[in-house]
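The residues making up each chain are set out below.
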There are 2 protein chains.
Amino acid sequence: MQSSIYERDLGANEANHAALTPLAFIERTASIYPDRLAVVHGEVRRNWAQTYARTRALGSALMQRGIGKGDTVAVIAANIPPLFEAHFGVPMCGAVLNAINTRLDAEAIAFILDHGEAKVVLVDPEFAEVTGRALNMTARRDLLVVDIEDPSYSGPTQPVGTLTYEALLAEGDPNFAWQPPADERDAIALNYTSGTTGNPKGVVYHHRGAHLNALSQITTWGMPDHSVYLWTLPMFHCNGWCFPWAIAANAGTSVCLRAVRPEPIYQLIADEKVTHFCGAPIVLNMLTQYAHLKSFEHEVKCMTAGASPPAAVIEAMEAMGVEVTHVYGLTEVYGPAVVCAWKSEWNSLPADQRARLKARQGVKNQALAEVMVADPDTMHPLPADGQSLGEIFMRGNNVMSGYLKNPTATREAFRGGWFATGDLGVMHPDGYMELKDRSKDIIISGGENISSVEVEDVLYRHPAILEAAVVARPDPKWGETPCAFIDLVKGQQVSEAEIIAFCRENMAHFKAPKSVVLGPLPKTSTGKIQKFILRERAKQLSAEKAG
Amino acid sequence: MQSSIYERDLGANEANHAALTPLAFIERTASIYPDRLAVVHGEVRRNWAQTYARTRALGSALMQRGIGKGDTVAVIAANIPPLFEAHFGVPMCGAVLNAINTRLDAEAIAFILDHGEAKVVLVDPEFAEVTGRALNMTARRDLLVVDIEDPSYSGPTQPVGTLTYEALLAEGDPNFAWQPPADERDAIALNYTSGTTGNPKGVVYHHRGAHLNALSQITTWGMPDHSVYLWTLPMFHCNGWCFPWAIAANAGTSVCLRAVRPEPIYQLIADEKVTHFCGAPIVLNMLTQYAHLKSFEHEVKCMTAGASPPAAVIEAMEAMGVEVTHVYGLTEVYGPAVVCAWKSEWNSLPADQRARLKARQGVKNQALAEVMVADPDTMHPLPADGQSLGEIFMRGNNVMSGYLKNPTATREAFRGGWFATGDLGVMHPDGYMELKDRSKDIIISGGENISSVEVEDVLYRHPAILEAAVVARPDPKWGETPCAFIDLVKGQQVSEAEIIAFCRENMAHFKAPKSVVLGPLPKTSTGKIQKFILRERAKQLSAEKAG
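Residues numbered from 1 in each chain as written. Chains lettered and ligands numbered in written order. Predicted model: local features only at pLDDT ≥ 70, side-chain atom pairs only at ≥ 80, totals over all residues.

Digging into the domain arrangement of chain A
Line of reasoning, step 1. Per the domain assignment, the segments of chain A are domain 1 (40–208) and domain 2 (446–546).
Line of reasoning, step 2. Each of domain 1 of chain A and domain 2 of chain A has a C-alpha centre, and the two are 40 Å apart. (Domains from an automatic or database assignment.)

In structure tokens form, the structure reads like this:
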């Protein structure tokens, strides 16, 4: 077939094609708004010109030390400026940023340094001790260890590096002529999943996906230019959901935060006129518990994900004047890729209906091509009836390149042209998806499926309950029954029987927990409740009873 | 060299790569916000579900008629729903949209239909007569001519097609399973420049550029979701600066407008609560002349380009509560690619200083990689001193693929990895670019580009004219008008009015000179006409008239 007139002499060239990269955002913002505030960290206030110069110095220093394309630069740090800067400086020399979860133990850190083949690691003083132990376990040779000095940490520490971060920057050229990636699908970041079983997997992001997802965060949230963003969400979580890059794109301000505690959060929102922040429902929950600390009057927007935010928490936040956007994602999709896009006509509904609508995960964001709820075997989409439970699949530019050095896991994750999330959900008639449970979180009692999420949602409405997790408990009669593990709000007293009675008043009786255990809940380093431990405890309860 | 760990098993696949296309915007918006108002046109009000169904029917009908990848579908229409719909329906079948300037004469339209090899042309009743004449001139065989019926036009008309637009839609499937482009650099649109010499050139856009520039319009302007956009800017101008696609991305509303007159504009802004509109400075000028018609109280934003907006016009608009954003671009860069990004600290400056700052063209938008003012020979950037005059060069994904079937012109336009705009300007110390002069003698009249060479060509056809030179004459209403300096053949006698009448017979009326000056022309020693002297004379004419 003859080529069409549009296929002649109209190809890509240097003038009409540029690799998509989030590095373009900081260059543009620093050139247009050099004097605008970029980073706030305690007494430190740096504008975009200064921040850009520091990222260029970092990229240049790394390059001079032989770090380049395909090399991994790890960082173990709280939400402090060096980690923000590394989101730009590391890819500027072509390397890949591996922000490591600061809650991991030495063994897990050593595994990641080895598996990711890190050539450099930047270490926050708060995590120097655990990193030091990890370094003793790692097989990495010639690993350049860099100590970050940070005034916001005053606890005990023990330098583990051969130079400081500031000394490294001093080696570099603040006018470094960094190059964009040769291919926009070159890797920009490596993020390890927390992995409830076995070793964590290294999820690889590329420049194109980071660029597009950062822009999508801006349009999804309707963020105006010059947003003031508070770092309540760890930057090591999917690169802070791509917000370091989004904030650079919209010439905003990053307000750093070492520890997620209510006092500094309320203080900074008021002092710095914070307009946006993100956090797991547990962070929102904490804030509502300390609502008396609130001293700001301006509008604030909050994005939450990680678990359906309990209706009571959303209501309490909004009563405080904080607009909550509910999103959903995974490490494999650059953080949130699905958003419960709010419709103005829902504003007039009663509070409980609004909360129920907002508890749904929602629709694809601008960067995601498709999300579907399908039969995991046939890959056929299930009816959008709000009932048919299937697996959630996604496609798009903000789906990971794959798992590093793990072609088997990568092949398993990609099925029939889709990324299989492993999460279960339903599609509502209006096209909004709702997460129901991971298949192992479904409790099957007397042949009926019970969603643990649904039971937890009811539990969270009880004013005395701080945290709740429901798992299956083996039962000789019913097969399984729901068992609730509950942590009460400090100072509150409620009996197990009262909790069960409360549930029976608020849901079908067969769904109500048959047993309740009070006490603190076990959590992963990222703050996720470790249901597999609770499942073990529930099993033991049954075994003890039977024995 | 061994490949890095990031180059193994991490390539693109169907799950993690999707072609960038603005078609994704309408699909997403129609699925999330089916009931939201998409298009307003007089009595016609259609939501996004209806609009998406119509675009799919159009794509399907075209495909059934054998139109597909690499085919051109032309439209000659005012800003009415069918032209908006064509921005989606045409590329849905893989074809390329060629929106033709409605102010062109039959000859120019025939040239474009022939050169673009149109297979279909959709014709607005207002332009049926001129199109009918063009069809008689064209060499196209089997051209499908479709009559648009439109209630907003009540003047005389003469159907020229074999079926109506609604009949064409009725042939198609409103659930058409259109496919995204196989390659995101596949052509999506063809836009003819007015052309400085001889025939217009066909500028080709691709899906990637349209997607990115549409998103860039949203972030550049800080457009929130659900903006209400009034179509004061012709959609045939660089695809309405990509706003049909941007409005689809932000689930906004397109308010159509047949004729740019102050009464309906003020009426629609008030009635439909318009939040955004674009227009040449002449449109703003007109609105300020009719400020007494204003009946709206809400905030409105306006984007203007085409010539520096006069300070008085900006001030008058802002006094009316309309925030003006000044942008700059060319057909070759998808419309505006440069924006005078406003800084809050400028708000406190005196009005004349603010106007001077806003008259500058500014900085690259989010989609453009780079803009520079450089020596056109050496391509070296000139000092950012606000003084050194050089040519403006651009690079980025919103730079055209090239000129259709014109590899020579394409090669000339791309120099050393840059697109050479042909415009002259200076770079200010703060990185804001300002347009100074046009190297190619373009006259901008009422937002339309007029090629002085083209007007001269016609003048030279008059038997009594010996020499002719056309330059821009400043005009309070139109910005500029063409002014012809003419030396007659010895012994011949022709009046200025006769020359203007001759031009109006031989070209689009808006291109005809508004003033004619008879007499010998100033020349260099080598016989070149000294246009800069004539420009001074034209300026004096205006000054004398004003004085």
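Structure shown, so let's carry the discussion forward.
Thoughts on the interface of chain B and chain A
Line of reasoning, step 1. Between chain B and chain A, the residue contacts involve 52 residues of the former and 52 residues of the latter.
Line of reasoning, step 2. Contributions of two or more residues to the side of chain B that touches chain A are made by α1 (23–32), α7 (207–221), β16 (363–364), β18 (390–396), α14 (407–413) and β21 (418–427) of chain B.
Line of reasoning, step 3. With four residues, the single largest contributor to the side of chain B that touches chain A is α1(B).
Line of reasoning, step 4. Of the residues that constitute the side of chain B that touches chain A, the class distribution is 25 nonpolar, 16 polar and 11 charged. (Contact = placed C-beta atoms within 7 Å. Helix = DSSP H or I, 4+ residues; strand = E, 2+ residues; numbered from the N terminus. Nonpolar A, V, L, I, M, F, W, Y, C, P; charged D, E, K, R; others polar.)

Some thoughts on helix α12 (residues 311–319) of chain A
Since there are 3.6 residues in each turn of an α-helix, residues three or four apart along the chain are aligned in direction.
Line of reasoning, step 1. Those residues of α12(A) that sit buried are A:Ala311, A:Val313, A:Ile314 and A:Met317. Projection of α12(A) onto a plane perpendicular to its axis shows the buried side chains occupying an angular sector of 165°, all on one side. (Buried ≥ 20, exposed ≤ 12 C-beta atoms within 10 Å, placed from the backbone. Arc of directions from axis to C-beta.)

A look at the pairing of β18(B)
Residue and element names in this part refer to chain B.
Line of reasoning, step 1. The buried count for β18 comes to seven of seven residues, which makes it a mostly enclosed element.
Line of reasoning, step 2. Bridge count between strand β17 (residues 368–374) and β18: six bridges; the pairing is antiparallel. Note on β18: the bridge partner recorded for Leu 368 is Gly 396.
Line of reasoning, step 3. Across four bridges, the pairing between β18 and β21 is antiparallel. (Pairing = 2+ DSSP bridges.)

Notes on the environment of B:Arg103
Residues and elements named next belong to chain B.
Line of reasoning, step 1. Along the chain, the position of Arg 103 falls in the loop between β4 (96–99) and α4 (106–115).
Line of reasoning, step 2. Overall, the presence of 17 C-beta atoms within 10 Å leaves Arg 103 in the partly exposed class.
Line of reasoning, step 3. Separated by 408 residues in the primary sequence, Arg 103 and Lys 511 place their C-alpha atoms 9.7 Å from one another.
Line of reasoning, step 4. Residue contacts for Arg 103: discarding those within four places in its chain leaves Glu 448, Ala 508 and Phe 510.

Let's talk about the sheet that holds strand β15 (residues 335–339) of chain B
Line of reasoning, step 1. Across the sheet, nine strands lie side by side as β2-β1-β11-β10-β12-β13-β14-β15-β16 (chain B); this open sheet has mixed pairing. With one partner strand each, in any of the chains shown, β2 (44–47) and β16 of chain B form the two edges of the open sheet.

As for the sheet that holds strand β14 (residues 322–330) of chain A
All names here are of chain A.
Line of reasoning, step 1. Strand order across the open sheet formed by nine strands is β2-β1-β11-β10-β12-β13-β14-β15-β16, with mixed pairing between neighbours. Of all the strands in the sheet, the pair left with one neighbour each is β2 (44–47) and β16 (363–364).
Line of reasoning, step 2. Both strand β1 (residues 37–41) and strand β11 (residues 253–255) contribute to a ladder of two bridges, which runs parallel. Along β11, the bridge assignment pairs Val 39 with Ser 254.

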